[in-house]
Amino acid sequence: MLDFLKEMFGHKRGIMEIPMEEIRLEERRKEIRENQLIAQIEKFDKEKEEIFREGAKVKSAERRKIYARRFNDLMTRIKFVDRDLNMLSKELMLLSRIRAIRERTSTATSSILSNLNEKNMTEIAKLLENEKITEELFLTKCDELLGIANDPAYAMEDLGKEGSSVMKAWEAMDEGAMDFDAGLKEAEGKPKEKEKPEQA
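Keep in mind the model is a prediction, meaning the values are calculated, not measured.

Scoring rules and cut-offs
Residues numbered from 1 in each chain as written. Predicted model: local features only at pLDDT ≥ 70, side-chain atom pairs only at ≥ 80, totals over all residues. Heavy atoms only, no water. Salt bridge = Lys/Arg side-chain N within 4 Å of Asp/Glu carboxyl O. Buried < 20%, exposed > 50% of the residue type's maximum accessible area, 1.4 Å probe, protein only. Helix = DSSP H or I, 4+ residues; strand = E, 2+ residues; numbered from the N terminus. pLDDT = per-residue confidence, 0-100. Axes fitted to C-alpha atoms, helices over the stretch in contact; angles between N-to-C directions. Parallel < 35°, antiparallel > 145°, perpendicular 65-115°, else oblique. Left-handed = near helix turned anticlockwise from the far one by under 90°. Nonpolar A, V, L, I, M, F, W, Y, C, P; charged D, E, K, R; others polar. Contact = heavy atoms within 4.5 Å. Polar contact = N/O pair within 3.5 Å; in protein donor to acceptor, adjacent residues only side chain to side chain.

## Details of the pattern of salt bridges
Opposite charge on two side chains lets them pair, provided their charged atoms get close.
Consideration 1: Under the counting rule described, the total for this entry stands at 11 salt bridges.
Consideration 2: The closest approach of N and O atoms between Glu21 and Arg28, which form a salt bridge, is 3.2 Å.
Consideration 3: Arg28 sits in the partly exposed class, given a relative accessible area of 40%.
Consideration 4: Between Lys57 and Glu54 there is a salt bridge, with its nearest N and O atoms 3.5 Å apart. Of this pair, Lys57 and Glu54 both sit in helix H2 (residues 20-57), separated by three residues, roughly a single helical turn.
Consideration 5: Judged by relative accessible area, which is 55%, Lys57 ranks as exposed.

## Remarks on the environment of Glu54
Consideration 1: In this structure Glu54 comes out as partly exposed when scored by relative accessible area, which is 22%.
Consideration 2: A C-alpha to C-alpha distance of 7.6 Å links Glu54 and Tyr67, two positions 13 residues apart in sequence.

## A closer look at the confidence of the model for the protein chain
Consideration 1: In this model, the protein chain carries a mean pLDDT of 78, and residues with pLDDT of at least 70 account for 72%.
Consideration 2: For the protein chain, the element scoring lowest by mean pLDDT is helix H1 (residues 3-9), at 55; H2 scores highest, at 92.

## Notes on the packing of H2 against helix H3 (residues 61-103)
Consideration 1: At a closest axis distance of 8 Å, the pairing of H2 and H3 adopts a crossing angle of 160 degrees. It follows that H2 is roughly antiparallel to H3 by the angle criterion. Handedness of the H2/H3 crossing: left-handed.
Consideration 2: Of the residues that constitute the contact of H2 with H3, the class distribution is 20 nonpolar, four polar and 20 charged.

## Details of the packing of H3 against helix H5 (residues 135-146)
Consideration 1: Interhelical geometry of H3 versus H5 gives an angle of 35 degrees and a closest axis separation of 10 Å. In this structure, H3 crosses over H5, and the sense of that crossing is right-handed. Seen from H3, the contacting residues are Asn86, Ser89, Lys90, Met93, Leu94, Arg97 and Ile101; seen from H5, they are Glu135, Phe138, Leu139, Cys142, Asp143 and Leu146.
Consideration 2: Taken together, the residues of the contact of H3 with H5 break down into seven nonpolar, two polar and four charged.

## Quick word on helix H7 (residues 180-188)
Consideration 1: With a side-chain oxygen lying 3.4 Å from the backbone nitrogen of Asp181, the N-terminal cap of H7 falls on Asp179.
Consideration 2: Within two residues after H7, Gly189 carries a phi angle of roughly 80 degrees, on the positive side.

Right, dumping it as structure tokens:
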């Protein structure tokens, strides 16, 4: 089986042999780590802005080289954290899929997960390690390998109902169709306020 499953759960086991509680626990651990990486990136972003601001103030070329070196070092660190976050997000998406399939099947023999072969698992491992593959493409490819592509039961399973709503709200805000307050209400599922009729 996949090396990452061995790393997650201690030793090699088939997906159907891993207790559900262990899968849920690993999801929580990775969510905590994801939050830590996001906080680290936010911290680096503030430092990056501060370095840029200070470098813009000085006029000495020698002093600017110091800030430029710091800026370059920080950007390198950000790239490494971004790469780790990308990998972690994919692992979380895969765990979410595995949990969802396991929860929908009553027995190991009836689960599509029991039909996964070594080739399928190797392909998933390659997708995890490929930095150029986006999360959306990763999820699509995984669904194909897991045998649940185009299955409405698993549509947007990784995001949940509210997660799907907030994605739609953000897209509407990107297009200028909603402001922040309207987008937040849409994401929370609150009913839209009726427009007051104009007084004659």
